[in-house]
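# Structure at a glance
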Amino acid sequence: MRDHNITIYPFSAIVGQEKMKKALVLNLINPKVGGVLIRGEKGTAKSTAVRALANLLPEIEVVEGCKFKCNPNNRNELCEECFEKLKAGTLRISPVKMKVADLPVSATEDRVVGTLDIEHAIKTGEKRFEPGVLAMAHRGILYVDEINLLDDHLVDVLLDSAAMGVNTIEREGISYSHPANFVLVGTMNPEEGELRPQLLDRFGLCVDIKGISDVSRRVELIKYRLSYEADPEAFAANWLASETELCGQILLAQKLLSDVRISDDLLELISQICIDMGVDGHRADLTMMKTSLTLAAFYGRTEVTEEDVREAAGLTLSHRMRRKPFDNQPEKQDKLDDIIEKHKEKQKEKLKNQDEKPKNDDRKEKDKHEQQNKESNEDPDQQHKQAEGHHQEEPEDQNAEQPDASSETTSEIGENYQVKQLSPEFRRAQRNGSGRRSKTLTRSKKGRYIKSSIPHEKTTDLAFDATLRAAAPFQLTREKNGNSVAIHESDFREKTREKKIGNLVLFVVDASGSMGARQRMVASKGAVLSMLMDAYQKRDKVGLIAFKGDSAELLLPPTSSIELAQKYLQEMPTGGKTPLSQGLVKGYEVIKTELLRDPDTCPFMVLISDGRANVSMNGESPLQETKTVASRLRDEGIQSAVIDTENSMIKFGLAQQISTALGATYLTLENLKSDSIVNAVRASAPFDLRSPSGDFSV
């Protein structure tokens, strides 16, 4: 929570980032816009802007002593306790500043939505609610930094509460609701992974921001910051007039909003923009309409203009464009301008037609008679020839330019495929992590409660329903001491929870000259892309290693940014010798590092090569050295698959020998399709790994 003793940096003093500031202000004016997602680089004033925004507005009136800060001026927004105070005539009002509630990425569901005190309910039969972050955010701002790293089910909870304005908690048959109206602000760095489209669509507005590239503006920013740090109070006083002016504009817009009107013509334009820009569903239409109304109020008008719609489109469509995971974002502005221009021309034509309709009706009738007379006097043979000529087809151009397949330096990515479900279940009893691929038991309270068990030690995750059932048979004989139910320690039952987690898929790709044949590398890249698309949907981590020449290089450390992996895959060149053993050693080192960082990591290595190792690290036979390294990986318990790219008439079967040493699933290039590579991973579902230790040596 924000500390009132700290002087907040003024909102008006933030240099640049006008679009971000506009989106935040619009949500203050009209929270029904639906919040804002801010995507961009670190250090671009995202957090500063959110905190400054809350400090901008005057104090709000709340019910004194209410933990939800209920609005005393609207009985429909009162919680149960405040409603009882209102009926009893004991409701009192007090002013407070709007607050910013921070939601950490590590938050549990109970911390977000709040929790019911079941022990109190058992003893007294009364409900007692312990507020969560949603209660603290009511009538304020809920700020979620790195929202893309938050578990998806928690994001769903946030967005549902933001949309409905109510938070409902149900636990062990007890239900409780309280108002939860807040402005949701999420920030994220796209390189760390995207939100899935269904969640992106739930954010009303989205802004992509970058650092300022103009030197003079950057210098201005530095000077402002130095001045603020030297004397925060004096700096804030210098900006008080600007802050007051903006605050007045926001308050006026809030009052004006209910009087703003939008014409049917502009509603038609909004719908046409959403159709032509390829967005799914109808939420974009509704959000663009609300944003247009809010923009008009912000500018002090009661009528929405075409420019309001244009500006609203820029804020509401960027995250809703229909595209596949690895498609580049289309150029939106030019297309938007074309749509608006066509709409203008259509409206002009419509008005023109309305004015000239009587004249056109007379002219059409006259033209009709003239055409009938002309056709009756025309030569029948000529009509037949024209009819035959109308159906003639132009010959195909046999000299059309064919694609150039001569370059073998950098291959394009081949066809990708829709992969089948891959959901291995781990044998290990307890794992932490997040994702959507594999089910595992977990001690985390974020997991789904599936059953109960007798705890072996003191537990903080008590299964109250199972505990009550265990205690029920003994209630007639136990001393209750004024309690409704007598519970002994022997009755305690612990919740067993289950959740899904993702995997680490590490691609070790042969980029040597023997892979340079165009179709082999194209097919290999296509298979990797298929796995990347599946990993994108399952929230896996991926890594990419390429080996060629005399070394192996980690092109992409394990990351959740699948689009970044696709970028490196696209740019990966081929050429040189084949240091295959170094590729495997590099893969081992990467996996070892990840296991040390996160013991719950479940890695799977996919080696794509023809197996023709011809570079040694220690002077022995390159093939034998590779087999030795592969055996060590197998002994460490690392699961893997080998994709053999050899497709010549004479086959040496080297990749198959390496696959045997690895204990891996073996596939050839001929059956290198999505089903094959996915089945390889499915057949090798990861199990518990022995913790690698010490240096890896051959």
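Position labels on residues start from 1 in each chain and follow its written sequence. Selection of residues for local features in this predicted model requires a pLDDT of at least 70, selection of side-chain atom pairs for listing and counting requires 80 or more, and totals for whole chains, interfaces and linings are taken over all residues. As a rule here, side-chain values cover all heavy atoms of the structure and leave hydrogens and water aside.

Two strands form a pair only when DSSP identifies at least two bridges running between them. Helix numbering and strand numbering both begin at the N terminus, where a helix is a DSSP run of H or I of at least 4 residues and a strand a DSSP run of E of at least 2. An order of β4-β7-β10-β1-β11 is seen for the five strands of this open sheet, with the pairing classed as parallel. Each edge of the open sheet carries a strand with a single partner, namely β4 (100-102) and β11 (205-209). Looking at each pair of strands side by side, their axes are set apart by 20° on average, direction ignored. In terms of strand pairing, strand β7 (residues 140-144) meets strand β10 (residues 182-188) through five bridges, oriented parallel. What sits directly across from Ile141, in β10, is Val183. For helices, the axis comes from a line fit to the C-alpha atoms of the stretch in contact; other axes are also lines fit to C-alpha atoms, and the angle between any two N-to-C directions lies between 0 and 180 degrees.

Among the secondary structure elements, Thr316 is positioned in helix α14 (residues 306-316). One polar contact links the side chain of Thr316 to the main-chain carbonyl oxygen of Ala312, over a distance of 2.9 Å. Any two residues having at least one pair of non-hydrogen atoms within 4.5 Å are treated as being in contact. Setting aside residues no more than four positions away along its own chain, Thr316 makes contact with Gly204, Leu205, Thr287, Met288 and Thr291. Here a polar contact is taken to be a pair of N or O atoms separated by no more than 3.5 Å, where protein atoms must pair a possible hydrogen donor with a possible acceptor and residues adjacent in sequence count only if both atoms sit in side chains.

For the rest of this paragraph, the subject is a nonpolar patch on the surface. Residues enter patches when they are more than 30% accessible in relative terms and free of salt bridges; like-charged ones are connected within 9 Å and nonpolar ones (Val, Leu, Ile, Met, Phe, Trp, Tyr) within 5 Å. Only the protein chains shown count as cover for residues, and the accessible areas themselves come from Shrake-Rupley with a 1.4 Å probe. Salt bridges are defined as contacts in which a side-chain nitrogen from Lys or Arg sits within 4 Å of a carboxyl oxygen from Asp or Glu. Taken together, Leu221, Ile222 and Leu226 make up a surface patch of nonpolar side chains, about 280 Å² in accessible area. Its location among the elements puts Ile222 in helix α9 (residues 215-230). Classification of Ile222 as partly exposed rests on a relative accessible area of 49%. For the exposure calls, accessible area comes from a 1.4 Å probe over protein chains only, and a residue counts as buried if that area is under 20% of its type's maximum, exposed if over 50%, partly exposed in between.

Below, the discussion takes up the pattern of salt bridges. For the coordinates displayed, the defined rule picks out 14 salt bridges. Salt-bridge contacts for Lys22 lead to Glu311; the nearest nitrogen and oxygen are separated by 2.7 Å. One end of the pair, Lys22, is in helix α1 (residues 18-29); the other, Glu311, is in helix α14, with 289 residues separating them in the sequence.

So, on to the pairing of β11. For β11, a buried count of four out of five residues is recorded, marking the element as mostly surrounded by other parts of the structure. Bridging between strand β1 (residues 36-40) and β11 involves five bridges; their strand directions are parallel. In the strand pairing of β11, Ile38 is matched with Val207.

On to the state of the cysteines, then. Cysteine sulfur atoms are paired as a disulfide whenever they come within 2.5 Å of each other. In total, this model carries zero disulfides according to the counting rule given. Lacking any disulfide linkage, Cys70 is separated from the closest cysteine sulfur, that of Cys66, by 3.6 Å. No disulfide involves Cys82; its nearest neighbouring cysteine sulfur is the one of Cys66, lying 3.4 Å away.

All right, on to the sheet that holds strand β20 (residues 665-668) then. Ordered by their spatial adjacency, six strands build an open sheet running β17-β16-β15-β18-β19-β20, and the pairing between neighbours is mixed. With partners counted over all chains shown, the strands left at the sheet margins are β17 (551-559) and β20, one partner each. For this sheet, the mean inter-axis angle between neighbouring strands, taken without regard to orientation, is 15°. Examined bridge by bridge, strand β18 (residues 603-609) and strand β19 (residues 639-644) share six bridges and lie parallel to one another. Paired with Ser609 across the strands is Asp644, a residue of β19. Of the strands in this sheet, β16 (541-548) and β17 are in contact with helix α19 (residues 562-571), which crosses β16 at around 15°.

Working rule for helices: expected span equals 1.5 Å times residues minus one. Under the 1.5 Å per step criterion, the end-to-end length of helix α21 (residues 622-635) is 20 Å for 14 residues, consistent within 8% with the ideal 20 Å. For α21, every residue scored as buried is listed here: Glu625, Thr626, Val629, Ala630 and Leu633. The buried residues of α21 occupy one face: seen down the axis, they fall within an arc of 140°. In this fold, the buried residues of α21 make contact with α20 (580-597), β18 and α22 (654-662). Regarding the arc, it is the one traced by the directions from the helix axis to the C-beta atoms.

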